[in-house]
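Here are the chains, one letter per residue:
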Amino acid sequence: MSARQQPQDPGGPSVLMVFDVDGTISRFYREEEYAEHHDDPNWYELFPLDEAVVDALDELAHVPGVDVAWLTSWAPDQDYLDHLINGSRFRGRLAGRCVPWIGEPDKGWRLRSLLAFAEQHRPRALVWADDQSPGNAGQRIGDHLTIPRLVLRPHRNVGLTMDDVHRVHAFVNEHARQQPW
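To keep things clear, this report deals only with the structure shown in the data block. Computed from a prediction, not measured in an experiment: that's the story for all the values here. (Residues numbered from 1 in each chain as written. Predicted model: local features only at pLDDT ≥ 70, side-chain atom pairs only at ≥ 80, totals over all residues. Heavy atoms only, no water.)

## Structural notes on the overall build of the chain
1) Next: Helices and strands together make up the secondary structure of the chain, namely 6 helices and 5 strands.
2) Next: In the chain, the succession of helices and strands from N to C terminus is β-α-α-β-α-β-α-β-α-β-α.
3) Next: Here the chain holds 181 residues, and 43% of them are scored as buried.
4) Next: Long-range pairs, those at least 24 residues apart, make up 66% of the contacts in the chain with a sequence separation of at least 6.
5) Next: Summed over all atoms, the accessible surface of the chain reaches about 10,000 Å², with 49% contributed by carbon and sulfur. (Helix = DSSP H or I, 4+ residues; strand = E, 2+ residues; numbered from the N terminus. Buried < 20%, exposed > 50% of the residue type's maximum accessible area, 1.4 Å probe, protein only. Contact = heavy atoms within 4.5 Å. Areas by Shrake-Rupley, 256 points an atom, 1.4 Å probe, with all protein chains shown as cover.)

## Remarks on the packing of aromatic side chains
1) Next: Under the criterion given, the structure shown has 3 aromatic pairs.
2) Next: Every member of this aromatic cluster is reached through a ring pair, and the members are Phe-19, Trp-70 and Phe-90. (Phe/Tyr/Trp six-rings, centres within 6.5 Å; stacked < 30°, edge-to-face > 60°.)

## Some details on the sheet that holds strand β5 (residues 149–152)
1) Next: The strand order β3-β2-β1-β4-β5 describes an open sheet built from 5 strands, whose pairing is parallel. One side of each edge strand has no neighbouring strand; the edge strands of this open sheet are β3 (97–98) and β5.
2) Next: In this structure, strand β1 (residues 15–19) lies alongside strand β4 (residues 125–129), joined through 5 bridges in parallel fashion. Within β4, the residue paired with Val-18 across the bridge is Trp-128.
3) Next: With respect to the sheet, helix α2 (residues 51–61) is in contact with β1 and β2 (66–70), its orientation differing from that of β1 by roughly 150°. (Pairing = 2+ DSSP bridges. Axes fitted to C-alpha atoms, helices over the stretch in contact; angles between N-to-C directions.)

## Brief notes about the environment of Asn-157
1) Next: Examined against the element boundaries, Asn-157 turns out to sit in the loop between β5 and α6 (162–175).
2) Next: Placed 26 residues apart in sequence, Asn-157 and Asp-131 show a C-alpha to C-alpha distance of 9.6 Å.

## Digging into the nonpolar core
1) Next: Met-17, Phe-19, Ile-25, Leu-57, Trp-70, Phe-90 and Leu-94 are the most contacted members of the largest nonpolar core, which totals 34 residues.
2) Next: Contributing elements (two or more residues each) for this core: β1, α2, β2, α3 (78–86), β4, β5 and α6.
3) Next: One finds Val-18, Leu-126, Trp-128 and Ala-137 within the second-largest nonpolar core, a separate group that totals 17 residues. (Core = buried A, V, L, I, M, F, W, Y, C linked by side-chain atoms within 4.5 Å.)

## Thoughts on the pairing of β4
1) Next: Within β4, 5 of the 5 residues are buried, which leaves it mostly tucked inside the rest of the structure.
2) Next: Of the two faces of β4, the one carrying Ala-125, Val-127 and Ala-129 and the one carrying Leu-126 and Trp-128 are both buried.
3) Next: The pairing of β4 with β5 spans 4 bridges and is classified as parallel. By the bridge assignment, Val-127 is partnered in β5 with Leu-150.
4) Next: The parallel pair β4 and β5 is bridged by helix α5 (residues 137–145), and the resulting crossover is right-handed. (Right-handed = clockwise from strand over helix to strand, strands pointing away.)

Here it is, written out as structure tokens:
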């Protein structure tokens, strides 16, 4: 069968990984750290990143069939997201699409936004990492989308850890398409 005759993928990516920034990819400063840095010029731009975590997640983002999206107050649109991703902190790592906000700042806007985005892009499995995800997010995603999902809710002063990355890695290995359709 020629490439032109290959069946088309009826859905979106095999795995969609959706991330927040503050409290997730970047931890929030603890009170004593904030007190130490809040007078520094542009201190708010110097959010702490665990480089090993970002590198490992970026490596997963390059697995065939895996897409990255961002649902974060740091990026209300794609232009802001592109500036964040291509800036000095991310240096192009974890490039992806911006999840449009639905109903922000009303309670539940993050989950509503995520569900609408996932419905549009039709992943076969979903990873959502957000320190502010609702406690029942996994169940609600499953009820709404009926796809495998992994919801990570890191502690805001810790962010994602390598243990979390190992969980995401196992999930991606289980659900990512290994060959094109």
